[in-house]
Amino acid sequence: MNSRMEAFTHRVGGLAYGGDYNPEQWDPAVWREDVRLMREAGVNTATLGVFAWASLEPEPGKYEFGWMDEVMDLLHAGGISVNLATPTAAPPVWLTHLHPEVFPIMADGQPFGFGNRLQYDPSSPIYREYAAGITTKLAERYSFHPALAMWHISNEYGPTAYNEASSVNFRRWLQRKYGDLGSLNEAWTTRFWGQIYTDWEQIEVPNIPRTWMNPARRLDFKRFTSDALLECYIAERDIVRSFRDDVPVVTNFMRFYRNADYWKWAPEEDAVALDIYPNPLESDSHVSAAFQYDLFRSLKGGQPWLLMEQSSSAVSQWKVNVVKEPGRMRLGSLQAVSRAADSVLFFQWRASRGGHERFHSAMLPHSGADSRTFREIVDLGREVKALAPVAGSTAQAEIAILFDWNGWWGLEETFGLPRNDFSYVESVMRNYTPLWKAHYPVDVVSTASSLAPYKVLLIPNAYLIDDDGVARITEFVRAGGTVIMSFFSGVVDEFNRVRPDGYPGAFRELIGAKIDEYWAARPDEVFNVEFGDGRTATATWWRDDIHLETGTALATYRDGILKDRAAVVANRYGSGRVVYFATLLDEESFDTTLLQAVESAGAAKPFDGVPAHVECAVRRNDDHEFVFLLNHDAEVSTTVTLSAGGTDLLSGRTVSGDIELGPLDAVVIQRPARPAE
Ligand code: GLA
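Residues numbered from 1 in each chain as written. Predicted model: local features only at pLDDT ≥ 70, side-chain atom pairs only at ≥ 80, totals over all residues. Heavy atoms only, no water.

1. Here we look at the sheet that holds strand β7 (residues 273-275)
Judged by pairing direction, the sheet is parallel, and its three strands sit side by side in the order β6-β7-β8 without closing on themselves. Both edges of this open sheet fall to β6 (252-254) and β8 (306-309), since each of them pairs with a single strand only. The sheet shows a mean angle of 45° between the axes of neighbouring strands, taken without regard to direction. Sheet topology places β6 next to β7; three bridges connect them, and they run parallel. Looking at the pairing, F253 lines up with L274 of β7. (Pairing = 2+ DSSP bridges. Helix = DSSP H or I, 4+ residues; strand = E, 2+ residues; numbered from the N terminus. Axes fitted to C-alpha atoms, helices over the stretch in contact; angles between N-to-C directions.)

Following this line, the structure appears as structure tokens:
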């Protein structure tokens, strides 16, 4: 944790608890009730001003800070710290009315229009000028207000814009990247279809973004869009920092968000922060949440992160929005903390009466303090306070999984592939889920991460990997690591050009085989597969026409044109080992093979024998470890036996090795630091 975050943790006395607070929607009398109820709920942090630009600057250059002064003072008097947002995610109507060119032009060629939020082109100099203006005013006024504990820059950076200003900025970005047009033409393979550029001015954003489009241009446009948004963040961050340097500055990210490369953003923030709304209708939404939490812990190399937004109960954005049944909000909150969140924050404090999200649940619902939700919020506030000793601790893993935005874009955004229906997220989750079920701790890595701490690296459908990443992965195996890789990995370079000398150009030596052709399966094709040990499996969707070199077949096809050829390959390389899936196996066979490879790599298996519905995670600091056991089953009680007991921070009770967990129940056991379970 950096010193700014340490100061924040110290200030809130452990974990942050609270949420978005929008007092501009309410009368001053309500503010007083809010502070009283916040105190009752144990709230120590309020995120203020997220969409308040129009209330702070109702006309250009005319400011109304009186209401915010009063709210800041009230919160401070109530002992509640403020996470103060720059309101730049919602430009006021006067701005887009004065300067309609600020509206982002969307993929369909139409301007976004007014009435939602995020109505800005991040490359627009006018937007940036006005955003800098309101940010400066806020920083001038509140940098030294005693309530200020954190800056929250804008909100969920997002728009992809196809404006003229974006083209100008895109050209600038390309000039910085390639230096001269010759290099760009080479990188983009513009001799194909005669697309050679002779002047920078000829280059535009891929407007009218048809799927038939130069794939390197599309890819660079994705990278550029992420960077253009990041420029907006950095500009505002630097303004608030110029006033005061000891307050953490963050922004909030979204779950599986494709338009911003969080690996590039994370170093620019004091902590990464996540907004997440697991859908209670999806039975495995807590597993994908767990992956997100592991990703967020990993983005800054194992530092605790912030759960910036979640819902207390139902959301309002899906077709059917079901409530979180009693106990689910608590369990979901503890799950985030178990994977190193140092906060439990919500959108939002008080439910709005109108506006698009009038049915989005809140800490304080429409039905008021005498409600199931508020009672659960008060109880959770007490527990979050009891978890203060956990703050600052983190987790380590011996297994890493590659999650890379460039690979994601290459696979899903550039088209013209043997199959154009890949889902990168599905593929990542296919690899992550068996590890989660078996309670293996997992870190998430980028192509630039150090792989030295790991025994096992999983590489799901990594179609595009840059040369550095390839070198790092190759070295990892040479030095003794185990790689578990799935098909269509290591195919193209960072410019989306097929690597030469046979597929998979980057990893032919690693997998010990050459692939002649990629065979997309027909919709109804199912192939029978047999493993060396006699296990049988089925394969669908994809087959590599693979020719073994140094590799050996772990499993072969029993039928089809590829009968007797390898479906799963194992290869020794240097002191390491690679297991390569050349097809899509049925889930059970895939999971078994993956877990066998993990086990033979010698990865420690904590919580062996604990059923999958009891999630197990450990956070550690120098003195203690905190064992989280979370029963996701709403009906079944389960007993878990640990090798050593400790104190359950939630109940305050001393617990021994046998822990009884009721349905949806949880314990957080603090015990002295010791070797893994
Ligand atoms: C996002 C936003 C919030 C709110 C929630 C609703 O996370 O940041 O303002 O709209 O979604 O789910």
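2. Comments concerning the site of the ligand
Every residue close to the ligand is listed here: F51, R117, N155, E156, D275, Y277, E309, Q317, F347, E357 and H360. A distance of 3.0 Å separates an oxygen atom of the ligand from a polar atom in the side chain of H360. Out of a free accessible area of 310 Å², the ligand has 96% covered by protein chains. Taken together, the residues that form the shell around the ligand break down as three nonpolar, three polar and five charged. (Near = heavy atom within 4 Å. Polar contact = N/O pair within 3.5 Å; in protein donor to acceptor, adjacent residues only side chain to side chain. Areas by Shrake-Rupley, 256 points an atom, 1.4 Å probe, with all protein chains shown as cover. Nonpolar A, V, L, I, M, F, W, Y, C, P; charged D, E, K, R; others polar.)

3. Quick word on the domain arrangement of the protein
Annotation of the protein at the domain level lists domain 1 (3-161 + 223-390), domain 2 (399-600) and domain 3 (614-672). Between domain 1 and domain 2, the contact holds 19 residues from the first and 22 residues from the second. Summed over both partners, the interface of domain 1 with domain 2 buries about 2000 Å², with 62% contributed by carbon and sulfur atoms. Area buried by domain 1 at its contact with domain 2 is led by R223, R258 and F291, which between them contribute 38% of it. At the junction of domain 1 and domain 2, the tally comes to three salt bridges. A salt bridge links D443 to R297; the shortest N-O distance between them is 2.8 Å. At the junction of domain 1 and domain 2, the tally comes to 15 residue pairs in polar contact (both at pLDDT 80 or more). Those elements that place two or more of their residues in the side of domain 1 that touches domain 2 are α9 (215-243), α10 (262-265) and α11 (285-299). Classifying every residue of the side of domain 1 that touches domain 2 by side-chain character gives nine nonpolar, four polar and six charged. (Domains from an automatic or database assignment. Contact = heavy atoms within 4.5 Å. Buried area = accessible area lost by both parts, 1.4 Å probe. Salt bridge = Lys/Arg side-chain N within 4 Å of Asp/Glu carboxyl O.)

4. Brief notes about the packing of aromatic side chains
This model, assessed by the stated rule, comprises 50 aromatic pairs. Taken together, a centroid distance of 6.3 Å and an interplanar angle of 25° make the contact between F170 and W173 stacked. Placement of both F170 and W173 in helix α7 (residues 164-178) is noted, with a separation of three residues, approximately one turn of the helix. Taking relative accessible area as the criterion, F170 reaches 0% and is therefore assigned buried. Residue classification places W173 among the buried residues on the basis of a relative accessible area of 9%. When the centroid spacing of 5.9 Å and the interplanar angle of 40° are considered together, the rings of Y233 and W265 count as tilted. Here the residue Y233 occupies a position in helix α9, and W265 occupies one in helix α10, the gap between them amounting to 32 residues. The class of Y233 is buried, set by a relative accessible area of 0%. W265 sits in the buried class, given a relative accessible area of 1%. One residue, R350, lies across the ring of W26, its end atom 5.2 Å from the ring centre. (Phe/Tyr/Trp six-rings, centres within 6.5 Å; stacked < 30°, edge-to-face > 60°. Buried < 20%, exposed > 50% of the residue type's maximum accessible area, 1.4 Å probe, protein only. Lys NZ or Arg CZ within 6 Å of the ring centre and 35° of its normal.)

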